[in-house]
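# A look at the structure
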Amino acid sequence: MLNVNALYTEYPNEKGEIVKAAQNVTFEVPEGKLFTLLGPSGCGKTTTLRSIAGLERPRAGEITVDGVAVYSSSKGIFIAPNKRNFGMVFQSYAIWPHMNVFQNAAFPLEVGSRKFTKKEIEDKVMRVLTAVGLDHVADREATKMSGGQQQRLALARALVMEPKLLLLDEPLSNLDAKLRERMRFELKRMQRELGLTTIYVTHDQSEALALSHEIAVMSAGQVVQIGSPRAIYERPINKFVADFVGLTNFLDATIIAPEDGEDRYRLNSTIGQLSVTSMDTFKAGDAALVSVRPEDIELYEKRPDGPNVIEGKVDFKVFLGEYMDYHIKVGEHQVLSRVHPSFMAPVGATVYMRMNPEKCITIQDNTQYRKVG
């Protein structure tokens, strides 16, 4: 449906220096899917979204929707933003304070190039207000509504034109934590039910994991890895992705030898010998970096059976309600384990960590791109 190919977007900053905001950005989004651009501030994700919207003019590349180019440097094509028929919702909802809910949602239909009858406008507006759960407050002053309702109104206003593509730039960032979590599920429900092809920009990895069919992790203007939420989380390609998408433990290691299976190795790590899983090929003596998520480290007070059992001492622990974070000291190295609060080993106690070899993965410490999942 959407195809972005070799997109380069650059602009001068206030000092006149060229900022390379998007560099060779390439991805495609099937119809009806939600695709997230995830990364830290300044990584190029919003510039990429604005280039798709037509609010930025890229230096090179091509953007097509349903096979029709809206931008192509080689063919000299640049379709104006108002001609692209994309819906957009940004961090600021830009709700008109002098209009009620219905009037805010109807505004794009009234000022657009296509003319609608009063009955057509009423039907279209009430349909989208029903979809976002605001049909019962159509006559209310828009600015008297809660943050979550204003967010849904901004979404309704974007949907009323029946856009080919919905572009969302950090739309939940202005909401408090509990409302943001509720709106994630509400947004996911609407996107799935309405079958909206959506590009979502966020720096919040939890948001990306909860909402997306597929995620592109960006860094320094480049796409580092594309994959399903599970693939991005469980099989990060490098240290940047593993560190940015959730918490993890990094262990420096040296390969001892391959084990049974094409992707299994035995190695010496900073906490002891481990069996690990790898997408890369190693030989004995090679250096490796291992990533293990805290929730994949099981804790026991007595030594359990199985591979990858390491002895350590509880250095300190933190109660976080639904889970406990234990910092386990092994020699000079600390490991973070996230376990159920029912595990109650005291500080200073000897404990045993067990790690499934499939959850101990080698990663690269560079920005090589790979699509997984």
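Reading guide: rules and limits
- Residues numbered from 1 in each chain as written.
- Predicted model: local features only at pLDDT ≥ 70, side-chain atom pairs only at ≥ 80, totals over all residues.
- Heavy atoms only, no water.
- Salt bridge = Lys/Arg side-chain N within 4 Å of Asp/Glu carboxyl O.
- Helix = DSSP H or I, 4+ residues; strand = E, 2+ residues; numbered from the N terminus.
- Buried < 20%, exposed > 50% of the residue type's maximum accessible area, 1.4 Å probe, protein only.
- Pairing = 2+ DSSP bridges.
- Axes fitted to C-alpha atoms, helices over the stretch in contact; angles between N-to-C directions.
- Polar contact = N/O pair within 3.5 Å; in protein donor to acceptor, adjacent residues only side chain to side chain.
- Contact = heavy atoms within 4.5 Å.
- Phe/Tyr/Trp six-rings, centres within 6.5 Å; stacked < 30°, edge-to-face > 60°.
- Lys NZ or Arg CZ within 6 Å of the ring centre and 35° of its normal.
- Parallel < 35°, antiparallel > 145°, perpendicular 65-115°, else oblique.
- Left-handed = near helix turned anticlockwise from the far one by under 90°.
- Nonpolar A, V, L, I, M, F, W, Y, C, P; charged D, E, K, R; others polar.

Quick look at the pattern of salt bridges now. Under the counting rule described, the total for this entry stands at 17 salt bridges. Among the ionic pairs, D204 bridges to R184, the shortest N-O distance being 3.3 Å. Of this pair, D204 sits in the loop between β9 (198-202) and α6 (205-211) while R184 sits in helix α5 (residues 177-194); the two residues are 20 residues apart in sequence, bridging distant segments of the chain. Judged on exposure class, the residue D204 and its partner R184 are both buried. In this structure, R184 engages E207 in a salt bridge whose closest nitrogen and oxygen atoms are separated by 4.0 Å. Of this pair, R184 sits in helix α5 while E207 is found in helix α6, placing the two residues 23 residues apart along the sequence. For the pair shown, R184 and E207 are each scored as buried. Via salt bridges that share partners, K124, R127 and E162 belong to a single interconnected network.

The subject of this paragraph is the pairing of strand β15 (residues 287-292). Residues in a regular strand project their side chains so that they alternate between the two faces of the sheet. Counting buried positions along β15 yields 5 of 6 residues, so the element is predominantly enclosed. Sheet analysis places strand β12 (residues 249-258) next to β15, joined by 6 bridges and oriented antiparallel. The residue of β15 that forms the bridge with A253 is A288. In the sheet, β15 pairs with strand β21 (residues 361-363) via 3 bridges, with the strands oriented antiparallel.

We now examine the sheet that holds strand β16 (residues 297-300). The strand order β16-β20-β17-β18-β19 describes an open sheet built from 5 strands, whose pairing is antiparallel. Every interior strand has two partners, whereas the edge strands, β16 and β19 (333-339), have only one. Mean inter-strand twist for the sheet, computed between neighbouring axes without regard to direction, equals 45°. Relative to β19, strand β18 (residues 324-330) runs antiparallel, the two sharing 7 bridges. Bridging across to β19, V330 finds its partner in H333.

What follows is about the side chain of S72. By secondary structure assignment, the location of S72 is in strand β5 (residues 68-72). Taking the relative accessible area as the measure of exposure, S72 reaches 1% and is therefore buried. Side-chain polar atoms of S72 contact the side chain of E62, separated by 3.2 Å. At a separation of 3.3 Å, a polar atom in the side chain of S72 contacts the side chain of S74. Non-local contacts of S72, meaning those with residues more than four positions away in its chain, are made with G61, E62 and I77.

One open sheet holds the 5 strands; their spatial order is β2-β1-β4-β5-β6, and the pairing between them is antiparallel. Sheet topology places β2 (18-29) and β6 (77-78) at the edges, where each strand pairs with a single neighbour. Here 5 bridges tie strand β1 (residues 2-12) to strand β4 (residues 60-65), and the two strands are oriented antiparallel to one another. Pairing of N5 across the sheet is with E62, part of β4.

Another point: the packing of aromatic side chains. For the structure shown, the criterion picks out 6 aromatic pairs. Relative to F107, the ring of W96 lies with its centre 5.5 Å away and its plane at 55°, an arrangement referred to as tilted. A residue pair is termed long-range when its members are at least 10 positions apart, and W96 in the loop between β7 (86-89) and α2 (101-111) and F107 in helix α2 qualify at 11 residues. Among the residues examined, W96 registers a relative accessible area of 36% and is labelled partly exposed. Taking 5.4 Å as the distance between ring centres and 70° as the angle between the ring planes, the aromatic pair formed by Y326 and F343 counts as edge-to-face. Of this pair, Y326 sits in strand β18 while F343 sits in the loop between β19 and β20 (350-355), and the two are 17 residues apart along the sequence. Above the ring of F78, the side-chain terminus of R84 is found at 5.1 Å from the ring centroid.

For the pair helix α4 (residues 147-159) and α5, interaxial distance at closest approach is 11 Å and the crossing angle is 25°. Relative to α5, the element α4 lies roughly parallel. At the point where α4 passes α5, the crossing takes the right-handed sense. When α4 is examined against α5, the residues G147, G148, Q151, R152, L155 and L159 are found in contact with a partner set consisting of L179, M183, E186, L187, M190 and L194. Here the contact of α4 with α5 is composed, by residue class, of 7 nonpolar, 3 polar and 2 charged.

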